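For reference, the chains in residue letters:
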Amino acid sequence: MKDISVIIPAYNERESLPELTAWIDRVAESCSLSIETIIVDDGSNDGSWDTIKNLAKSSDHLHAIRFRRNYGKSAALYCGFAAAEGEVIFTMDADLQDSPDEIPEMYRMVRDEGWDIVSGWKQNRQDNKLTKNLPSKLYNWTARHITGIRLHDMNCGLKAYRKEVVENIEVYGEMHRYIPYLAKNAGFDRITEKPVHHMKRKFGKSKFGVERFINGFLDLISLWFLSTFGKKPMHFFGYTGIFMFLAGFIMTIWIIAAKLTLQSSGKAYRAVTDQPVFYLALLAVVLGVMLFLAGFICEMISRNSDSRNHYNVRERI
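Residues numbered from 1 in each chain as written. Predicted model: local features only at pLDDT ≥ 70, side-chain atom pairs only at ≥ 80, totals over all residues. Heavy atoms only, no water.

Caption draft 1: Expanded view of the pattern of salt bridges. Counted under the stated rule, the structure contains nine salt bridges. Of the charged contacts, one joins E105 and R108 as a salt bridge, the two residues approaching to 2.7 Å between their closest N and O atoms. With E105 and R108 both in helix α4 (residues 103-111) and three residues apart, the pair spans about one turn of that helix. Take E105: its relative accessible area is 31%, and that puts it in the partly exposed class. Ionic pairing is found between D116 and R162, a salt bridge with its closest N-O pair at 3.5 Å. In this pair, D116 sits in the loop between α4 and β5 (117-121) while R162 sits in strand β6 (residues 159-162), placing the two residues 46 residues apart along the sequence. Residue D116 is classed as buried on the basis of its relative accessible area, which comes to 10%. For R162, a relative accessible area of 22% puts it in the partly exposed group. (Salt bridge = Lys/Arg side-chain N within 4 Å of Asp/Glu carboxyl O. Helix = DSSP H or I, 4+ residues; strand = E, 2+ residues; numbered from the N terminus. Buried < 20%, exposed > 50% of the residue type's maximum accessible area, 1.4 Å probe, protein only.)

Caption draft 2: Focus on the packing of aromatic side chains. Applying the stated criterion to the full structure yields eight aromatic pairs. Here F67 and Y71 contribute two aromatic rings whose centre-to-centre distance is 5.3 Å and whose plane-to-plane angle is 90°, an arrangement assigned as edge-to-face. For Y71, a relative accessible area of 44% gives the class partly exposed. When the ring of F292 is compared with that of F296, the centres are 5.2 Å apart and the planes differ by 80°; the resulting orientation is edge-to-face. A residue pair is termed a helical-turn pair when its members lie 3 or 4 positions apart in one helix, as F292 and F296 do in helix α10 (residues 276-303) at four residues. Accessibility expressed as a relative area gives 30% for F292, which makes it partly exposed. In this structure F296 comes out as partly exposed when scored by relative accessible area, which is 43%. (Phe/Tyr/Trp six-rings, centres within 6.5 Å; stacked < 30°, edge-to-face > 60°.)

Caption draft 3: Expanded view of a nonpolar patch on the surface. Side chains of I242, F245, L246, F249, I250, I253, V289, F292, L293 and F296 sit close together on the surface and give an oily, nonpolar patch of about 890 Å² of accessible area. Mapped onto the nonpolar patch, the elements with two or more residues apiece are α9 (234-264) and α10. It is α9 that contributes the most residues to the nonpolar patch, six residues altogether. With respect to the helices and strands, the residue I253 is situated in helix α9. (Patch = residues over 30% accessible without salt bridge, like charges linked within 9 Å, V, L, I, M, F, W, Y side chains within 5 Å. Areas by Shrake-Rupley, 256 points an atom, 1.4 Å probe, with all protein chains shown as cover.)

Caption draft 4: Just the sheet that holds strand β4 (residues 86-91), in detail. With respect to topology, seven strands assemble into an open sheet ordered β3-β2-β1-β4-β6-β5-β7, the strand pairing being mixed. Each edge of the sheet is formed by a strand with only one pairing partner; in this case those strands are β3 (62-66) and β7 (191-195). Across the sheet, the axes of successive neighbouring strands diverge by a mean angle of 20°, strand direction being ignored. In this sheet, β6 lies alongside β5 in antiparallel orientation, the contact comprising three bridges. Paired with V118 across the bridge in β6 is A160. Against the sheet, helix α1 (residues 17-31) touches β1 (2-10), β2 (35-41) and β3, its axis set at about 165° to β2. (Pairing = 2+ DSSP bridges. Axes fitted to C-alpha atoms, helices over the stretch in contact; angles between N-to-C directions. Contact = heavy atoms within 4.5 Å.)

Caption draft 5: How the structure looks around α1. Taking 1.5 Å per residue, 15 residues should reach 21 Å; α1 reaches 21 Å between its end C-alpha atoms and fits that length. The complete set of buried residues in α1 reads L17, L20, T21, W23, I24, V27 and A28. Take α1 and look down its axis: the buried residues cluster within an arc of 155°, on one side only. Exposed positions of α1 whose direction lies more than 90 degrees from the buried face are R26, E29 and S30. (Expected span 1.5 Å × (residues − 1). Arc of directions from axis to C-beta.)

Right under this line is the structure:
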């Protein structure tokens, strides 16, 4: 088994790959660690694959996977995790903004201090403050409060994982931003961070725009919902349905009682069907019933899921 596996998702990073792989080799030689580098070419069209093949010819510890098209960073990490053989798994962006010099210390923190995940923290970001830094601060503040994980930079590409972590999580869609949260939900809660050196992009341009923060927030809400109610959907749909049904039912009774009271006392009154509140009450009752039935359907789907009894066991005696 290798000491370290470094997984590098790459999309149109032909110019930076030779310098990055050479830098990793120097780090491996200086700290006497056995490191394998796994580059996942995520459908590049700039000749990155030819560069990777040339690099692999002169290295016995560089491996690569090539996608037929661009699937995204989560898909690249998923395949990289499956191929990794290292005791500690690193992820790193291919744009040279992450420093491989951080590898030895982060490796020591996982191996010797017992952390499950060590996440990089770009304290001094070398990005545009308006389009990257400020949205990132808001995004991380939101992520900290929803996930309960006190990381300043959850989306940092430079992270170190104990091998058991990546073996027990599934990264899909665009959930690479929330691997620490996925790990926490799988029982790996020893998560910390380390301030890391962040450099300006040397070649090319960023592949992510401002829309990633909107997508990231939506993904976070989805992940929170699935982790909280994924195996007990009736707890969400049932409670919500009962609340709406009771609210509509109480409103209906109140409207009818008010009308009967006014009628019996000889005062002027409006017909029940002439009151807008009646239709709101009726809508609440109908939605309550539909939500409750949706909960039953979700429970049936969950009961037939192959992962309904999947649990991570820490150890056996």
